[in-house]
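A structural walkthrough
Now for the letters of each chain:
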Amino acid sequence: MGLTNFILTVAGVGAVVMLLKGDVKQSATVLRRNVKHIRNWIEEESSAASKQIIQKRNRSFFGDRKLYVSS
């Protein structure tokens, strides 16, 4: 009886560990994907902000003349 309980406990703990291990891997994958998206959003926003700052600076320095900035 004691041996059976021990074997069932080991099997149960092993099953839980395997399930959690898979869940951790899936969560890590989702987190990595989200970090990539956030990094892209930050790069897009900083790029748009720098272009906007350059355009404002050019307008104030050059008056009505427009200076085009290559992207």
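Definitions and cut-offs
Residues numbered from 1 in each chain as written. Predicted model: local features only at pLDDT ≥ 70, side-chain atom pairs only at ≥ 80, totals over all residues. Heavy atoms only, no water. Helix = DSSP H or I, 4+ residues; strand = E, 2+ residues; numbered from the N terminus. Buried < 20%, exposed > 50% of the residue type's maximum accessible area, 1.4 Å probe, protein only. Patch = residues over 30% accessible without salt bridge, like charges linked within 9 Å, V, L, I, M, F, W, Y side chains within 5 Å. Areas by Shrake-Rupley, 256 points an atom, 1.4 Å probe, with all protein chains shown as cover. Salt bridge = Lys/Arg side-chain N within 4 Å of Asp/Glu carboxyl O. Lys, Arg positive; Asp, Glu negative; His and termini not counted. Charge placed at Lys NZ, Arg CZ, Asp CG, Glu CD.

When helices and strands are counted, the protein shows 1 helix and 0 strands. Taken over 71 residues, the protein has a buried fraction of 1%.

This part takes up a positive patch on the surface. Taken together, R32, R33, K36 and R39 make up a surface patch of like positive charges. As for its placement among the helices and strands, R32 is situated in helix 1 (residues 2-62). On the basis of relative accessibility, which here comes to 53%, the residue R32 falls in the exposed class.

Bringing a nonpolar patch on the surface into the picture now. Together, L3, F6, I7 and V10 line one region of the surface with nonpolar side chains, adding up to about 430 Å² of accessible area. With respect to the element layout, V10 can be found in helix 1.

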